[in-house]
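Survey of secondary and tertiary structure
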Amino acid sequence: MNLTNLTIEKQRAMLDKKEISAVELASEYIKRIQRLDPTIQSYITVTADRALADAESAQKKIDVGEAGMLCGIPLAIKDNICTEGIRTTCASKMLEDFVPPYNATVMEKLMIQNIVMLGKASMDEFAMGGSTQTSAFAKTRNPYDTNCVPGGSSGGSAASVSASLAAAAIGSDTGGSIRQPAAFCGVTGLKPTYGRVSRYGLVAFASSLDQIGPIAKNARDCAWILNAIAGYDPHDGTVSKRAVDDYTAKLGRTIKGLKIALPKEFFAEGIDAEVRESVMQASKTLEAMGAELVSCSMPSLKYAVAAYYLIASAEASSNLSRYDGIKYGHRSKIGDTFHELICNSRSEGFGDEVKRRILLGNYALSSGYYDAYYGKALALKQRITAEYAHIFESCDVILTPTTPSVAYDIHENISDPVKMYQADICTVTVNIASLPAISTPCGYNQKGMPIGMSIIGKQFDEATILQVADAFEQQFQTVAPIL
């Protein structure tokens, strides 16, 4: 039996029955990482010694019957989440040597659970991208086809789960960065409601859009992880004080009577035929299980990508202004004046995509252009939020493709930023409207590449989208990558 292919639920049962030890489980993952990750490149930093120490500590809890659901479970952590004493680079030369003096709140919550940390997963630089090819240190490959991208920006997190180099992973999602790589890599990824999970210790990209969430082999595992990381945190002024639900409570319940909306714009021109057909077939499966399908419309979708990139880039230009080589971050060795030092430090430290978004954001916020661009984008945010609210007046969840296509070749789209941005059309509105959404596999194209579907829910109704995703997963047979 390959222990690394098992879900968290199955690993938990084996650990509790003493059929395996936490150290044995961690060792299996470490050996697999050593064998496969030189090709997949899902990790920037592998913390093998830390993982074995974590496993020994977790086993002590298991031995005395004090193990929680995640005790002894090996996880990967996206490299923009601060980990005390362990390098956190954001996949950027700007933070190549940054070692945080504290843990992100999410890490603190996971450590309370006695998880085993395998390492820091690769990502697009500062979470800006959809391919993980902008990483300065590990350009991750798709486990289903190593000539293809894994998606991004949480590409390392998704690839590590897909290749069974971690039982699950923690990612972040600003415009689809959990769901898109989950779809490309054939795994399940959950983006919670904005404010459901603390962002304290998450290196900021766009503060009104960023959200931390889990990537796992199925919805059930995502639910267990969300139970562990959700909740109020006094360190984050945007986190909700709303009580945390038990996100496993609805798992296994019938979806009979649930109304599932299908916005026609998400299935229109620009969506590959194989993707459209797979998601529509999935909707028929859900209908056969007792759900009611409802046609609807979301007219503002065609403007969503433009609005998203204006808002996200504006916030990024502000957040990234702190990296000047003076306070911290990469410091150039060239520069005779204060101005030259900052210019050279930022030019050397940031990659092309990050520079592009900083310039776009500064332009959108500049005098004379603020109202024309950023102001209109904020107005459109309100309209998109209202359109979702209207759909939810009569429906329980919304079903859409996660991506317009399957994973593409690593050399495709890289030199065409606009084409890359347009690929986010199916995911960005969820972040704009602060909604929860989960992506789960629903098919494979003729070449065997995974196709993902997204289930979008009402604010703070993660339990229902997990219920629907889980119900579908019980009827759908996934195909693991051959490695």
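Let me begin by describing the structure that accompanies this report. Keep in mind it's a predicted model, so treat the numbers as computed, not measured.

For the rest of this paragraph, the subject is the overall build of the chain. Assigned secondary structure in the chain consists of 15 helices and eleven strands. Taking 23 Å as the expected radius of gyration for a compact globule of 483 residues, we find that the chain reaches 21 Å, a close match to that expectation. On the principal axes, the C-alpha backbone points of the chain span a range of 65 × 55 × 45 Å. Out of the 483 residues in the chain, the part that is buried amounts to 61%. Across the chain, the fraction of contacts at a sequence separation of at least 24, relative to all contacts at a separation of at least 6, is 75%. When the accessible surface of the chain is split by element, carbon and sulfur atoms take 50% of a total near 18,400 Å².

Residues Tyr363, Tyr369 and Tyr373 make up a contiguous nonpolar surface patch of about 280 Å² in total accessible area. Structurally, Tyr369 can be placed in the loop between helix 11 (352-365) and helix 12 (370-392). Under the relative-accessibility criterion, Tyr369 is labelled partly exposed at 34%.

Within the secondary structure, Thr45 sits in strand 1 (residues 43-46). By relative accessible area, Thr45 is classed as buried at 17%. Thr45 has contacts with Arg87, Leu118, Gly119 and Lys120, leaving out every residue within four places of it along the chain.

Relative to the elements of secondary structure, Ala76 occurs in strand 2 (residues 74-78). Residue classification places Ala76 among the buried positions, given a relative accessible area of 0%. Between the C-alpha atoms of Ala76 and Ala261, which are 185 residues apart in sequence, the distance is 34 Å. Each residue touching Ala76, except ones within four places of it in the same chain, is listed here: Tyr43, Gly119, Ala121, Ser160, Ala166, Ala168, Ala169 and Ile170.

Below, the discussion takes up the packing of aromatic side chains. What describes a pair of aromatic rings is the distance from one ring centre to the other and the angle between the planes of the rings. Evaluated as defined, the whole model comprises 17 aromatic pairs. Taking the centre distance of 6.1 Å and the plane angle of 15° together, the rings of Tyr444 and Phe476 count as stacked. With Tyr444 in strand 10 (residues 437-444) and Phe476 in the segment after helix 15 (462-473), this residue pair connects regions lying 32 residues apart in the sequence. Grouped by ring-pair contacts, the aromatic residues Phe98, Phe126, Tyr323, Tyr328 and Phe350 constitute a single cluster. Taking the ring centre of Phe137 as reference, the NZ or CZ of Arg87 above it sits at 5.7 Å.

Here we come to the sheet that holds strand 5 (residues 188-191). Taken together, eleven strands build an open sheet; the order of strands is 1-3-2-4-6-5-10-11-9-7-8 and the sheet is mixed. Each edge of the open sheet is held by one strand with a lone partner, namely strand 1 and strand 8 (292-296). On average, adjacent strands in this sheet sit at an angle of 30° to one another, irrespective of strand direction. In this sheet, strand 3 (residues 116-121) lies alongside strand 1 in antiparallel orientation, the contact comprising three bridges. Its bridge partner lying in strand 3, Thr45 is registered against Lys120.

A few words now on the packing of helix 7 (residues 219-229) against helix 15. Direction vectors running N to C along helix 7 and helix 15 enclose 155°, while the axes themselves pass 8 Å from each other. It follows from the interaxial angle that helix 7 and helix 15 lie roughly antiparallel. For the pair formed by helix 7 and helix 15, the contact residues are Ala219, Arg220, Cys222, Ala223 and Leu226 on the first element and Glu462, Leu466, Ala469, Asp470 and Glu473 on the second. Of the residues that constitute the contact of helix 7 with helix 15, the class distribution is six nonpolar, no polar and four charged.

An ideal rise of 1.5 Å per residue puts 22 Å on 16 residues; helix 3 (residues 48-63) measures up with 22 Å between its terminal C-alpha atoms. Buried-residue contacts for helix 3 involve helix 1 (8-16), helix 2 (22-40) and strand 3. Of the residues one or two after helix 3, Gly65 is the one with positive phi, at around 75°.

Moving on to the nonpolar core. If you look at the biggest cluster of nonpolar residues, it comprises 158 residues, and the most contacted ones within it are Leu110, Phe126, Tyr388, Ile455 and Leu466. Take this core: its biggest share by element is eleven residues, from helix 9 (residues 301-319). In this structure, Phe126 is in contact with Cys90, Ser92, Met94, Leu95, Val203, Phe205, Leu320, Tyr323, Phe350 and Val354, ignoring residues within four places of it in sequence.

To continue, consider the pattern of salt bridges. As enumerated under the stated definition, the model contains 13 salt bridges in all. We note a salt bridge from Asp79 to Lys120, for which the minimum N-O separation is 3.2 Å. Taken together, the positions of Asp79 in the loop between strand 2 and helix 4 (105-112) and Lys120 in strand 3 put the pair 41 residues apart, joining distant regions of the chain. In this structure, Asp79 and Lys120 share a single accessibility class: buried. For Asp324, the salt bridge goes to Lys327, with nearest N and O atoms at 2.9 Å. Where salt bridges share partners, they join Glu9, Arg220 and Asp470 into one cluster.

As a further point, take the packing of helix 11 against helix 12. Contact geometry of helix 11 with helix 12 gives a least axis separation of 7 Å together with a crossing angle of 105°. Overall, the two elements helix 11 and helix 12 adopt an arrangement that is roughly perpendicular. For the pair helix 11 and helix 12, the contacting residues are Tyr363, Ala364 and Leu365 in the first and Tyr370, Tyr373 and Tyr374 in the second. The residue makeup of the contact of helix 11 with helix 12, split by class, is six nonpolar, no polar and no charged.

By the secondary structure assignment, Asn362 is in helix 11. Once the C-alpha coordinates of Asn362 and His330 are considered, the two residues, 32 residues apart in sequence, prove to be 21 Å apart.

Calculation criteria
- In every chain, residue numbers begin from 1 and rise along the written sequence.
- A pLDDT threshold of at least 70 governs which residues receive local features in this predicted model, and a stricter bar of 80 or more applies before side-chain atom pairs are shown or counted, although totals over entire chains, interfaces and linings include all residues.
- Note: side-chain values were computed over all heavy atoms of the structure, leaving out hydrogens and water.
- Secondary structure elements follow DSSP: runs of H or I no shorter than four residues count as helices, runs of E no shorter than two count as strands, and numbering proceeds from the N terminus.
- Note that the radius of gyration is over C-alpha atoms, with the globule rule given as 2.2 Å times the number of residues to the power 0.38.
- Buried residues are those whose accessible area, probed at 1.4 Å on protein chains only, stays under 20% of the maximum for their type, while exposed residues exceed 50% and partly exposed ones sit between those limits.
- Two residues form a contact once any of their heavy atoms are found within 4.5 Å.
- Calculation of accessible area relied on Shrake-Rupley with a 1.4 Å probe; when residues are assessed, cover is drawn exclusively from the protein chains displayed.
- Each patch is assembled from residues with relative accessible area greater than 30% and no salt bridge, linking like charges that lie within 9 Å and nonpolar side chains (Val, Leu, Ile, Met, Phe, Trp, Tyr) that lie within 5 Å.
- Should a side-chain nitrogen of Lys or Arg be within 4 Å of a carboxyl oxygen of Asp or Glu, the pair is scored as a salt bridge.
- Working definition: a ring pair exists when centres of Phe, Tyr or Trp rings (six-membered ring for Trp) sit within 6.5 Å. Plane angles under 30 degrees give stacked, over 60 give edge-to-face, the rest tilted.
- Charge-over-ring placement is defined geometrically: NZ (Lys) or CZ (Arg) within 6 Å of the ring centre, and within 35 degrees of the ring normal.
- Two strands are counted as paired when DSSP detects at least two bridges linking them.
- Axis definition: a line fitted to C-alpha atoms, over the contacting stretch in the case of helices. Angles run 0 to 180 degrees between N-to-C directions.
- The scheme is simple: roughly parallel for angles under 35 degrees, roughly antiparallel for over 145, roughly perpendicular for 65 to 115, oblique for anything else.
- Each residue gets one label: Ala, Val, Leu, Ile, Met, Phe, Trp, Tyr, Cys and Pro are nonpolar, Asp, Glu, Lys and Arg are charged, and the others, such as Gly, are polar.
- Given the number of residues in a helix, its expected span is that number minus one, multiplied by 1.5 Å.
- As used here, the term nonpolar core means buried Ala, Val, Leu, Ile, Met, Phe, Trp, Tyr and Cys residues forming a set that is joined through side-chain atoms within 4.5 Å.

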